[in-house]
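Structural features, examined
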Amino acid sequence: MNLLRTLALAALLASSAASSAEYTMRTGTLTFSGQQQGEAFEGRFDAFTPIIQFDAAALATSKLDVSIDLASADTQNSERDDALKGSDFFAVADFPKARFVTQSMRAIDATHFEADATLTIRDQTVALKFPFSFEPNADGARLKAKVTLDRLAFGIGTGDWADEGMIGHQVEVNVDLTLAKKS
């Protein structure tokens with residue numbers, strides 16, 4: 001019986017040793033681009049907080065969890081930025097934050113991965129596939145991703161704004177984070 005307990009303890013210790021490393025963001029950009037009346041525009045979120053636990057050898061315990069301050073959206077156009085904060089778009093008075101959370105991950109190759117994730121904006125949660133690269137370096141890592149979202153799935157710009165001729169339904173989101181490994 002002692003041998004079984006010893007083996008069980010060894011298995012438990014081995015599984016807890018395979019946990020993911022924690023990272024903090026040194027620098028990062030969270031940008032988006034779309035179309036407004038046929039013209040391309042770009043923007044960024046100036047305030048977002050990523051919580052990153054990642055290890056390519058321990059994907060089962062890896063997780064990305066990002067809180068985004070929607071009022072920090074900046075497209076370099078004050079009229080558009082004010083509209084984005086309003087009730088027809090992000091409705092920041094009622095829904096100040098968006099949240100992105102991964103549920104599971106799988107490796108594509110040594111530095112490319114895909115996560116099953118959810119993104120919640122305006123209290124609308126949408127499941128999505130999130131392809132990303134994670135490249136470790138001497139003092140941390142770099143995480144990059146690009147994903148295309150349908151704004152209408154989140155109730156962003158409905159009613160008169162639902163016409164794709166006014167504002168394109170597809171929004172491309174780009175993530176580029178330089179990370180430090182927590183000690």
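Read on for an overview of the structure. These numbers were taken from a predicted model, which means no experiment stands behind them. (Residues numbered from 1 in each chain as written. Predicted model: local features only at pLDDT ≥ 70, side-chain atom pairs only at ≥ 80, totals over all residues. Heavy atoms only, no water.)

This part covers unusual backbone geometry. In this structure, A91 takes a positive phi of about 50° despite not being glycine. Mapped onto the elements of the fold, A91 is located in the loop between α2 (78–85) and β6 (97–107). You can call A91 buried: its relative accessible area is 6%. Here the phi dihedral of D123 falls at roughly 65°; this positive angle occurs in a residue that is not glycine. (Helix = DSSP H or I, 4+ residues; strand = E, 2+ residues; numbered from the N terminus. Buried < 20%, exposed > 50% of the residue type's maximum accessible area, 1.4 Å probe, protein only.)

What follows is about the environment of L128. Among the secondary structure elements, L128 is positioned in strand β8 (residues 124–137). On the accessibility criterion, L128 (14% relative accessible area) is buried. Counting along the chain gives 28 residues from L128 to F100, while the straight-line C-alpha distance between them is 10.0 Å.

Our focus in this paragraph is the side chain of R122. The topology assignment puts R122 in the loop between β7 (112–121) and β8. Among buried Asp, Glu, Lys and Arg side chains, R122 stands out as unpaired, with D88 the closest opposite charge at 6.7 Å. Polar contacts involving the side chain of R122 include one to the main-chain carbonyl oxygen of F89, which spans 2.5 Å. Within polar-contact distance, the side chain of R122 engages the backbone oxygen of G155 at 3.3 Å. (Lys, Arg positive; Asp, Glu negative; His and termini not counted. Salt bridge = Lys/Arg side-chain N within 4 Å of Asp/Glu carboxyl O. Polar contact = N/O pair within 3.5 Å; in protein donor to acceptor, adjacent residues only side chain to side chain.)

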